[in-house]
Every structure is written in C-alpha cells, then in structure tokens.
Amino acid sequence: MKSFCILSILSLLGTCSSPKYTTRIQNIKDGIQLADSTLIVNYANTITSEELSTLLYKFSSPDFEGRKVGEKGQKKAAEFLKSYYENERIPSPFGGTNYYQTIPKSFFSNGIKASENVLAYIKGSEKPDEILIISAHLDHLGINADGQINCGADDNGSGTAAMMEIAQAFNSAKKEGHGPKRSILFLHLTGEELGKKGSEFYTLYPVFPLKNTITDLNIDMIGRVDEKHANNKNYLYLIGSDRLSKELHYISERINNSFFNIHLDYRYNAEREKNNYYTRSDHYNFASNGIPVIFYFNGEHADYHQPSDTPDKIEYKLLEKRTKLIFATAWQIANQEHRVAVDTENLLLK
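Residues numbered from 1 in each chain as written. Predicted model: local features only at pLDDT ≥ 70, side-chain atom pairs only at ≥ 80, totals over all residues. Heavy atoms only, no water.

J.: Could you clarify how one ought to interpret the overall build of the protein chain in this entry?
T.: Secondary structure summary: the protein chain contains ten helices and eight strands in total. In terms of overall size, the protein chain behaves like a compact globule, its C-alpha atoms giving a radius of gyration of 21 Å where 350 residues would be expected to give roughly 20 Å. For the protein chain, the spread of C-alpha atoms along the principal axes amounts to about 80 × 45 × 45 Å. Counting the 350 residues in the protein chain, one finds 57% classified as buried. (Helix = DSSP H or I, 4+ residues; strand = E, 2+ residues; numbered from the N terminus. Rg over C-alpha atoms; globule rule 2.2 N^0.38 Å. Buried < 20%, exposed > 50% of the residue type's maximum accessible area, 1.4 Å probe, protein only.)

Here you go:
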C-alpha cells in the first residue's frame, strides 16, 4: 500500500509539472525564427505569372498528347523537364545527363509501359545530407477513346510549372551566394493517375535515404478556383500539414501570415473527410514512411479530369501567389537552424 501511495504522488507531481498542451504549442510557435526575410521576398519575386504561363501552356499543349504514363506524350513531357533543368544548369542527383529514375514495365499493370520520374537537385551548403523534397506529378490521362486530348493544365500542369519556377528561384539564389543550407530534390513523379505509382517507386527505391528526407511539399492542382471559393479566390487548401509535425504546420502559417495572407483552408485535412484527399496524391507515400508533408490543392472543378482542363482557364496571378507561398515555405524549411521536428521526436511536445 505504501509503495502504491508513493507512485500515485509521483504520478500526480509529474502531471502537474508537465506544461499544458496550449503552452507546448506556443513554445513551438515561439521557436520559429524566420530565415532571411529579405532574401525570401527577393527570390520569391523572381516567380512571375508570365513565366508560369509560358511553362504551363507548353506543358499542357497537344504536343504532349495528355501525358499518359509510358506513352509518347509523357516521354516528350519528361524530355521537356530534363531540357529545362539542363538549360537552367540545375544538376541531376545522379550526376551527368541522366535526370531519370526509370520505372520498369513490371512495376505497373494493365499493359502500362515503362516510365520515369524526373529529378533535379540543388545541394545544400551546410547540411547536404538533409533532403527537402518538392514534388508534383507530371502524368495525366492521355487521349480519350473519341480522340480528345486531356491536356491536364491544372492537373497537374499547374504544379509542374510551379515547381520549375521554384527550382529556378532557388538556383538563382545559389548562384548569387545564397544557396539553401539543406539539399532540395525537385521530384517530378509519373504514375500518380494510376494510383501514386511514381512516388511509391521512389519511396521503395529512394535516391537519398528516407531517414534523411525531412519534408515533402507536394503540389497537385493549384491553378484554379473551386465553387466554394468563387467569391473569394485568395485561398489554398492545405492537407496533412499537422498530421506528423505540428512544427511544419506552424512554419507554414508563419510564412503565410508574414508575407502572403492567403486564406489557408484546412477543411479537407479533417480526419475521416469523405473525399479522403490526404491519401490521394503523391505526398501520402512519404507520409506513410513517417515523413512530414504538406499537400497544396485548389479543389476540384467542373473541368477536373476532362479535356476541358485547358491552360486558358488557369488564374495565373493566383498561381503566382500560391507558388511564392510554397517557395517561401521551402526556403524556411531548407534554411532554419534545425530540421523540421516530427511530433514523436519533438522535445517541445513532451
């Protein structure tokens, strides 16, 4: 009985001495120190609606035949991405001229041909072994039975163009002596429309160890406006930001509140949300491996998965603003003193 009483008292003391949850969360918020605000603004401003438009019109053009996995149009899209990074002098993580992570036909089903993820890489100046991934899928639905091309301008030409502009901004910073402290992998994924096959392959055969991958920022449809926001276009859905790392969530909010003031809509991040968007894009394969993620998304619209998803319907100024938000969030993650803390390892939550 005596030992039981002692244990009860110690347990009570431990409970009383633990900070309240709200205090722990405030400690996380207070610990976020913005990295180089002036540089964030300077390089974010290199991202323009004009350049995004040029890239997106090309990427979603009929030349690429809807970018169906393994088909000629998707191969042309992959070559377009490779040429872009070569022209920008952004290297491949493999070295040399190989920017492809080849995925064999045997990894797919239903007669889908071999395909490839396209990878580019900026090495970190201080902590190169810590990897931030920025991802977007490059594939789409191809050509309909009636011969109509699914251009996939929003899905996912918008995310692809955004990532290309973000890579260019980071590379400009590096050339001017302000490269990221951590490494950044720009990961264009194939097979998302087939069930996230490109990201599944990458997480099974990662180019860099998954234990060194600190976050995945996944961009999938950020160029349009859904019906829920027809009267207020200044929004973006964020999904998954607090699922594995409260710190990541509050970094994201701090960046937005400091520079952009976009309405961050979390309705699709709710547990048991009926659309289950958290599991439906490439970030989920990283989250399943314990890697914190943010999924950036504008919601579905009438042209979703239709040939009518064309580049003339993209809101390019809005796409610019959303892309700048993602760039600035990536800048903070890549340059802050410590890597993003997973909740289970975050001492501020103990």
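J.: Help me out: how do you make sense of unusual backbone geometry in this one?
T.: For residues besides glycine, phi is generally negative; the peptide bonds are generally trans as well. The omega angle of the peptide bond from Asp155 to Asn156 is 0°, so this bond is cis rather than trans. In this model, Asp36 sits at a positive phi of 60°, which is unusual for a non-glycine residue. With respect to the helices, strands and loops of the structure, Asp36 is situated in the loop between helix 2 (21-30) and helix 3 (37-44). What makes Asp36 partly exposed here is its relative accessible area of 39%.

J.: Whenever I open this one, the packing of helix 2 against helix 8 (residues 246-259) confuses me. Can you help?
T.: When two helices pack together, their arrangement is given by the angle between their axes and by how far apart the axes lie. Orientation of helix 2 relative to helix 8, taken along the N-to-C sense of each, is 55°, at an axis distance of 9 Å. In this view, helix 2 runs oblique relative to helix 8, as classed from their interaxial angle. Seen from above, helix 2 lies across helix 8 with right-handed handedness. Counting all contacts with helix 2, which are made through Tyr21, Ile25, Ile28 and Lys29, the residues of helix 8 involved are Lys246, Glu247, Tyr250 and Arg254. Its residues assigned to classes, the contact of helix 2 with helix 8 shows four nonpolar, no polar and four charged. (Axes fitted to C-alpha atoms, helices over the stretch in contact; angles between N-to-C directions. Parallel < 35°, antiparallel > 145°, perpendicular 65-115°, else oblique. Left-handed = near helix turned anticlockwise from the far one by under 90°. Contact = heavy atoms within 4.5 Å. Nonpolar A, V, L, I, M, F, W, Y, C, P; charged D, E, K, R; others polar.)

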